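Geometric and topological summary
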Amino acid sequence: IKKDVEYGQYNGLPRQDQAMQKWRENRFGQFIHWGLYAIPGGIWEGKTYPYASEFLRGSAKIATSTWDSLIYQFDIPKYNPKEWAAIAKNMGVKYVTITTKHHEGFCLWPSEYTDFDIENTPYKKDLLREFVDAYTAVGIDVNFYYSVLDWHHPDWRYDIKSDEDRAAFERLKQFTKNQLVELVTRYPEVKGLWFDGTWDNSWKKSGQFSYELEKLLKNKRPGLIVNSRMRADEHGSRHFDSNGILMGDYESGYERRLPNPTDKEVLTRDWECCMTIPENQWGYHKDWSISHVKSPLELIEMLVQCTSQNGNFLLNFGPMGNGDIRPEEREVAKEIGEWMKVNSEAIYGCGPADLEKQDWGYYTYNEKNGKVYMTVFNNPVLGKYKIRLPKSHTLKKASLITKQVESLEIKQISPTDYFIIPDKINNKKPFVIILEIVDRASGKFHQK
Ligand SMILES: C[C@@H]1N[C@@H](c2cn(-c3ccccc3)nn2)[C@H](O)[C@@H]1O
């Protein structure tokens, strides 16, 4: 039965406007976590803390005043947003999401509403403006991450248990609204807002406020895209309202995890997975030896899986306290970029193919050209790749994305099953085969 929800979802999803289509076609984005936490980089008074570096303040039980004085060390001599943008461009990302303010409350832009911002660092300049200009110049869409949770702000409350709490949190909400209006006004290039730090009861009790804030921001910036994590409805239900309808414009619950590769439920909506290269470090951590560090191949497989299930993949980078990009991240960007140079046709503008998943890898599909892409991660011992189609479909052609003029050998082995028999299998890297599948009933290419 439908519950009475006044402050739940109000956009018709999935959005099909130009801005959202571009967001969807982008598929691959770069996340950037940069703030004061990048200065200590997970190490405090000579002790390495293995937890996420952006939580060092709590992990090392550092007094807020001590932590906040890191602002005087934020001189970022190596900050070079043009180089950052070039690295991102070469990696093959189409969008970027940067932390304008993380839980620590430090703002990368000169905010009218706080002194705890870039203006009061030795750097002084509007770092965010330089960043937006550099990424926009190379054609990468810019989105802003914003943490509602703000450890620095005196009016932050985890819950509302008294009139004093209520009065303080009202001030915090006004501050939040002011900062967000400031961000979408000062930087009109911004395409989307990525809200975080919205799990506490205080915010879960602010459903009407977050509903009206989403409407206000979308009025100020037509086409603006917000993640589901922004909202709670008036019953405290987050991401999905109390009637189970997704809030915001895409689902953003996949943090450091992906759906099951055969999960069909996620195909019904837009969603994004955000992912760290180490096991769990968003901000810069000096010592990456303390956990598993994902290889470019692991990360490419995640990108392809997300695309195959109608999701975007947002890969995180944590710039160093001095503004440089660490060598390990440069290497990851380079190797992913080399793969994307050859195979990005299977990613950009692609989505699910609605074909039965096989062990060799993932299908993606581009409805504009009707092509189905198979990205192979697992070479079968059989030496042949199995394809299963609906009875009314025929596999007309298979060719390597790198040699589209040559057809690979196809053998139909049943009304629905085919083998693709490559002349040799010695691939050390994931590779893409393009399929041309005709639906005999319509005579057209396979339609999803
Ligand atoms: C996108 C990611 N979300 C932030 C985060 C994660 N968490 C968290 C806190 C407790 C348990 C699990 C996750 N709190 N904040 C991380 O710091 C990063 O910004």
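It should be noted that the structure appears before, not after, this text.
Residues numbered from 1 in each chain as written. Predicted model: local features only at pLDDT ≥ 70, side-chain atom pairs only at ≥ 80, totals over all residues. Heavy atoms only, no water.

**With respect to the environment of Q18**
- Summarising the element assignment, Q18 is placed in helix α1 (residues 18-26).
- Here Q18 falls in the exposed class, since its relative accessible area comes to 61%.
- Counting along the chain gives 95 residues from Q18 to Y113, while the straight-line C-alpha distance between them is 33 Å. (Helix = DSSP H or I, 4+ residues; strand = E, 2+ residues; numbered from the N terminus. Buried < 20%, exposed > 50% of the residue type's maximum accessible area, 1.4 Å probe, protein only.)

**Concerning the side chain of R15**
- Here R15 lies in the segment before α1.
- In terms of polar contacts, R15 uses its side chain to reach the side chain of D249, at 3.1 Å.
- Other than its neighbours up to four places away in sequence, R15 contacts M20, R24, K218, G223, L224, I225 and D249. (Polar contact = N/O pair within 3.5 Å; in protein donor to acceptor, adjacent residues only side chain to side chain. Contact = heavy atoms within 4.5 Å.)

**Focus: the packing of aromatic side chains**
- Under the defined criterion, the tally for this structure stands at 28 aromatic pairs.
- Where F31 meets W282, the ring centres are 5.6 Å apart and the plane angle is 70 degrees; that geometry is what we call edge-to-face. With F31 in strand β1 (residues 28-32) and W282 in the loop between β9 (271-275) and α9 (296-308), this pair connects stretches of sequence that are 251 residues apart.
- Owing to a relative accessible area of 1%, F31 belongs among the buried residues under this scheme.
- Members of the aromatic cluster, each reached through a chain of ring pairs, are W34, F74, Y79, W84, F106, F116, Y123, F131 and Y135.
- Between K94 and the ring centre of Y348, over which it is positioned, the NZ or CZ distance is 4.4 Å.
- Positioned above the aromatic ring of Y362, the side-chain terminus of K357 is 4.6 Å from the ring centre. (Phe/Tyr/Trp six-rings, centres within 6.5 Å; stacked < 30°, edge-to-face > 60°. Lys NZ or Arg CZ within 6 Å of the ring centre and 35° of its normal.)

**Observations concerning the nonpolar core**
- Core analysis: the biggest nonpolar cluster contains 99 residues, and W34, F74, Y135, F144, L217, F313 and L315 have the highest contact counts within it.
- Per-element tally for this core: the top contributor is helix α6 (residues 163-186), with seven residues.
- Those residues in contact with F313 that lie beyond four places of it in its chain are R27, F28, G29, Y95, C273, M275, L299, M302, L303 and C306.
- In terms of nonpolar packing, the next biggest core, distinct from the first, is built from 21 residues, Y365, I387, L389 and L435 among them. (Core = buried A, V, L, I, M, F, W, Y, C linked by side-chain atoms within 4.5 Å.)

**Describing the site of the ligand**
- H33, E54, F55, H102, H103, Y145, W194, D196, W199, E255 and W282 make up every residue found near the ligand.
- One of the side-chain N or O atoms of H102 is found 2.8 Å from an oxygen atom in the ligand.
- Notes on the ligand: free accessible area 430 Å², of which the protein chains cover 66%.
- Of the residues belonging to the shell around the ligand, the class tally is five nonpolar, three polar and three charged. (Near = heavy atom within 4 Å. Areas by Shrake-Rupley, 256 points an atom, 1.4 Å probe, with all protein chains shown as cover. Nonpolar A, V, L, I, M, F, W, Y, C, P; charged D, E, K, R; others polar.)

**Focus: the sheet that holds β9**
- Here we have eight strands laid out as an open sheet, ordered β7-β6-β5-β4-β1-β10-β9-β8, and parallel in their pairing. At either end of the open sheet lies a strand with only one pairing partner, and these are β7 (225-226) and β8 (251-255).
- Here strand β6 (residues 192-196) runs beside β7; their pairing, made up of two bridges, is parallel. When the sheet's bridge partners are listed, L193 is paired in β7 with V226.
- Against the sheet, α6 engages β4 (95-101), β5 (141-147) and β6, with an angle of about 170 degrees to β5. (Pairing = 2+ DSSP bridges. Axes fitted to C-alpha atoms, helices over the stretch in contact; angles between N-to-C directions.)

**Let's talk about helix α8 (residues 207-220)**
- For α8, with 14 residues, the first-to-last C-alpha span of 20 Å sits near the 20 Å given by 1.5 Å per residue.
- For α8, the complete set of buried residues consists of G207, F209, S210, Y211, L213, E214, L217 and K218. (Expected span 1.5 Å × (residues − 1).)

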